Amino acid sequence: MSKRKTNTIGILGGMGSYATVEIFRRMVEAFPAEKEWDRPRILIDNNCIMPSRVRAILYNEKREELIQQMSDSINFLAGGGANQIILGCITAHCFFEYLPHQELLINVVQETANQIDEREITVLCTEGTKDVRIWDRMFPNSKIIYPDEGQMEQLRQYIEVVKQGKLKQEIKQDFLQYVDNFPGENILLGCTELPILYGNQVGNKKIIDPIQCAIDKMKKEI
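Reading guide: rules and limits
Residues numbered from 1 in each chain as written. Predicted model: local features only at pLDDT ≥ 70, side-chain atom pairs only at ≥ 80, totals over all residues. Heavy atoms only, no water. 1 Å grid on protein atoms, 1.4 Å probe; cavity = no way out; pocket = protein on both sides within 12 Å on 5 of 7 lines; lining within 4 Å. Points joined across faces, edges and corners; volume = space filled by probe spheres on them. Helix = DSSP H or I, 4+ residues; strand = E, 2+ residues; numbered from the N terminus. Nonpolar A, V, L, I, M, F, W, Y, C, P; charged D, E, K, R; others polar. Buried < 20%, exposed > 50% of the residue type's maximum accessible area, 1.4 Å probe, protein only. Polar contact = N/O pair within 3.5 Å; in protein donor to acceptor, adjacent residues only side chain to side chain. Expected span 1.5 Å × (residues − 1). Pairing = 2+ DSSP bridges. Axes fitted to C-alpha atoms, helices over the stretch in contact; angles between N-to-C directions. Phe/Tyr/Trp six-rings, centres within 6.5 Å; stacked < 30°, edge-to-face > 60°. Lys NZ or Arg CZ within 6 Å of the ring centre and 35° of its normal.

Asks: Which residues make up the layout of surface pockets, and what values do they have?
Replies: When its volume is computed, the largest pocket comes out at roughly 450 Å³. Secondary structure elements with two or more residues in the lining of the largest pocket: α2 (53-59) and α7 (149-163). The class makeup of the residues in the lining of the largest pocket is 11 nonpolar, 4 polar and 7 charged.

Below you can see the structure in the form of structure tokens.
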């Protein structure tokens, strides 16, 4: 008889909901099993009523409310038995230090830096993440490149398409071209909607996916 896994993973989701669904799907696939009970238990709080992470950073809008709601969700997941908790939003990591149960939280940004060693990285992310330069701090020895203002506007529209559930194949192909047009070899998908946009397409860049880095860490510890 297979050994039953006792580890429980918690996902703080809802930022947005389609990204949460994708993270859950990828976690299920990351732990193949002949029997369902051979997989780790996965708890999801799809807390989609939280205030905007980007607006909290750029305009200090509902910042304390956001931190409180994120904290409540983490307490909920920890109370349900989660011993590893992942934030399903990269921008949310800008508030990481204010969250409870630090011993349970997987810092997706830090884990990416632990696994990746590139001299130059183009980071595709939200305006909030770009504003606080969280990736610059995590990669102090690398040159970090961000999209310019026009490219950020395009990126924001791509992200919203996923959040609204309006993604079509032609948009995915358009995004692939958008990615390939950036200079440099390494592209970091610094928003959890972006792996959905990129999908399993094959372009001309080396893609760095922070969520995959976090999943790889979980696989080693379960």
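Here the narrative resumes, following the displayed structure.
Asks: Pulling in residues and values, what's your account of helix α4 (residues 108-115)?
Replies: Turning to α4, its buried residues are Val108, Val109, Glu111, Thr112 and Ala113. Put simply, asparagine 107 is the residue that caps the front of α4, since its side-chain oxygen is 3.1 Å from the backbone nitrogen of valine 109.

Asks: Break down helix α10 (residues 210-221) for me, citing the residues and quoting the values.
Replies: Its 12 residues place the ends of α10 17 Å apart at the C-alpha level, agreeing with the 16 Å of an ideal helix rising 1.5 Å per residue. What α10 keeps buried is the set Pro210, Ile211, Cys213, Ala214, Ile215 and Met218. Two or three places before isoleucine 211, at the start of α10, stands the capping residue aspartate 209, its side-chain oxygen 3.1 Å from that residue's backbone nitrogen.

Asks: Tell me about the sheet that holds strand β8 (residues 206-208), and name the residues and values.
Replies: Pairing is parallel in the open sheet, where 4 strands are placed in the order β6-β5-β7-β8. Edge positions in the sheet fall to β6 (143-145) and β8, since each of these pairs with one other strand and no more. Pairwise comparison of adjacent strand axes, ignoring direction, gives a mean angle of 30° for this sheet.

Asks: Describe in detail the packing of aromatic side chains, supporting the description with residues and values.
Replies: By the definition in use, this model includes 5 aromatic pairs. Ring centres of phenylalanine 175 and tyrosine 178 lie 5.8 Å apart, and the angle between their planes is 20°; this geometry places the pair in the stacked category. Of this pair, phenylalanine 175 and tyrosine 178 both sit in helix α8 (residues 169-180), 3 residues apart, which is roughly one turn of the helix. In textbook terms, an aromatic cluster arises when at least three aromatic residues are bridged by ring pairs, as seen for Tyr158, Phe175, Tyr178 and Phe182. The lysine or arginine in question, arginine 63, covers the ring of tyrosine 98, its NZ or CZ lying 5.0 Å from the ring centre.

Just geometry here; none of it tells us what the structure is for.
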